[in-house]
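The lines below spell out each chain.
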Amino acid sequence: RLAHSLVLSEEAVWRELKNVQRSNDSGVPVRKEDGAAVLEKTRRETLEELALGSLALFPVLIPYCGELTSVHFSSSLRKDLFAHFCARDTETLPVELREYCNQLMLKTEVFLGQTVEKEKEAHSIIRELSIERLREECDILAREVAEAERLGDEEKATALAHLQHTAAGKMHVLIASRSV
């Protein structure tokens, strides 16, 4: 079924499934047997890929992306693909984006596996990416507040602290919605 929907041969799908199952998504660098360092994807990069794969598989989830924009993705391919999804323009994807989208759909299908409520799980992936983005935003704002305070700019520090409080509030709402 997956091979047919991705317009790939069944052998290619099985080959890719074997590769995906062997991959390590721990987010830490690992060493190959020859001693060369291999950089593994971070949690955020993995969430970005799974979120995009989820949007490709379940376009009805696009309105649930909240405040995510293409700027929040860490690679140009992911940014471009997200922009196409938001514009509801998946029919005219360039070849490179179409191939990448197919890879992400396959990776997401494998990740979701035998999950009964796949669309609900896909929605939770998008929520986790939003939480991750807000956590990073809070960290950046905290550093900026500290810098403004160090420089004695209380007005700027107060404004940044307000932005940090707002971002933290949004993050806590999303975290609380995990159990709903």
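Residues numbered from 1 in each chain as written. Predicted model: local features only at pLDDT ≥ 70, side-chain atom pairs only at ≥ 80, totals over all residues. Heavy atoms only, no water.

1. Side note on the overall build of the chain
Moving on, step 1. Tallying secondary structure elements over the chain gives seven helices and two strands in all.
Moving on, step 2. For the chain, the sequential pattern of α-helices and β-strands runs α-α-β-β-α-α-α-α-α.
Moving on, step 3. Among the 180 residues that make up the chain, the fraction classed as buried is 34%.
Moving on, step 4. Considering only contacts within the chain whose residues lie at least 6 apart along the sequence, 59% involve residues at least 24 apart. (Helix = DSSP H or I, 4+ residues; strand = E, 2+ residues; numbered from the N terminus. Buried < 20%, exposed > 50% of the residue type's maximum accessible area, 1.4 Å probe, protein only. Contact = heavy atoms within 4.5 Å.)

2. Regarding helix α7 (residues 154–176)
Moving on, step 1. Helix length check: α7, at 23 residues, gives a terminal C-alpha distance of 32 Å against a target of 33 Å (1.5 Å per residue), a fit within 8%.
Moving on, step 2. Within the span of α7, buried status applies to Ala157, Leu160, Ala167, Ala168 and Met171. (Expected span 1.5 Å × (residues − 1).)

3. Some remarks on the nonpolar core
Moving on, step 1. In terms of nonpolar packing, the biggest core is built from 26 residues, with Leu52, Leu55, Leu81, Phe82, Phe85, Cys101 and Ile126 touching the most fellow members.
Moving on, step 2. Put simply, the parts of the chain that give this core at least two residues each are α3 (43–57), α4 (76–86), α5 (95–112) and α6 (118–150).
Moving on, step 3. Excluding anything up to four places from it in sequence, Phe85 contacts Leu52, Leu55, Ala56, Ile62, Thr90 and Cys101.
Moving on, step 4. The next biggest cluster of nonpolar side chains, apart from the first, holds six residues, and it includes Leu134, Cys138, Ala167 and Met171. (Core = buried A, V, L, I, M, F, W, Y, C linked by side-chain atoms within 4.5 Å.)

4. Looking at the environment of Cys138
Moving on, step 1. The residue Cys138 is located in helix α6 in this model.
Moving on, step 2. With relative accessibility at 8%, the residue Cys138 sits in the buried group.
Moving on, step 3. Placed 30 residues apart in sequence, Cys138 and Ala168 show a C-alpha to C-alpha distance of 6.4 Å.

5. Brief notes about the pattern of salt bridges
Moving on, step 1. Overall, the coordinates contain 13 salt bridges when judged by the stated rule.
Moving on, step 2. With its nearest N and O atoms 3.1 Å apart, the salt bridge here joins Arg44 to Glu48. You can see Arg44 and its partner Glu48 sitting in helix α3, four residues apart, about one turn around the helix.
Moving on, step 3. Given the relative accessible area of 0%, Glu48 is considered buried. (Salt bridge = Lys/Arg side-chain N within 4 Å of Asp/Glu carboxyl O.)

6. Examining α6
Moving on, step 1. Spanning 33 residues, α6 covers 48 Å between terminal C-alpha atoms, matching the ideal 48 Å at 1.5 Å per step.
Moving on, step 2. Looking one or two places after α6, you find Gly152, whose phi comes out positive at around 80°.

7. Re the packing of aromatic side chains
Moving on, step 1. Per the counting criterion, the structure on display carries one aromatic pair.
Moving on, step 2. Ring geometry for Phe73 against Phe82: centres 4.7 Å apart, planes inclined by 35°, an arrangement best described as tilted. Each member of the pair, Phe73 together with Phe82, is buried. (Phe/Tyr/Trp six-rings, centres within 6.5 Å; stacked < 30°, edge-to-face > 60°.)

8. Quick notes on a negative patch on the surface
Moving on, step 1. Residues Glu149, Asp153, Glu154 and Glu155 make up a contiguous surface patch of negative charge.
Moving on, step 2. Position of Glu149 among the secondary structure elements: in helix α6.
Moving on, step 3. Judged by relative accessible area, which is 45%, Glu149 ranks as partly exposed. (Patch = residues over 30% accessible without salt bridge, like charges linked within 9 Å, V, L, I, M, F, W, Y side chains within 5 Å. Areas by Shrake-Rupley, 256 points an atom, 1.4 Å probe, with all protein chains shown as cover. Lys, Arg positive; Asp, Glu negative; His and termini not counted. Charge placed at Lys NZ, Arg CZ, Asp CG, Glu CD.)

9. Side note on the packing of α3 against α5
Moving on, step 1. Orientation of α3 relative to α5, taken along the N-to-C sense of each, is 95°, at an axis distance of 8 Å. If you check the angle between α3 and α5, you find them roughly perpendicular. When α3 is examined against α5, the residues Glu49, Leu50, Leu52, Gly53, Ser54, Ala56 and Leu57 are found in contact with a partner set consisting of Tyr100, Cys101, Leu104, Met105, Lys107, Thr108, Glu109 and Phe111.
Moving on, step 2. In terms of residue class, the contact of α3 with α5 is made up of nine nonpolar, three polar and three charged. (Axes fitted to C-alpha atoms, helices over the stretch in contact; angles between N-to-C directions. Parallel < 35°, antiparallel > 145°, perpendicular 65-115°, else oblique. Nonpolar A, V, L, I, M, F, W, Y, C, P; charged D, E, K, R; others polar.)

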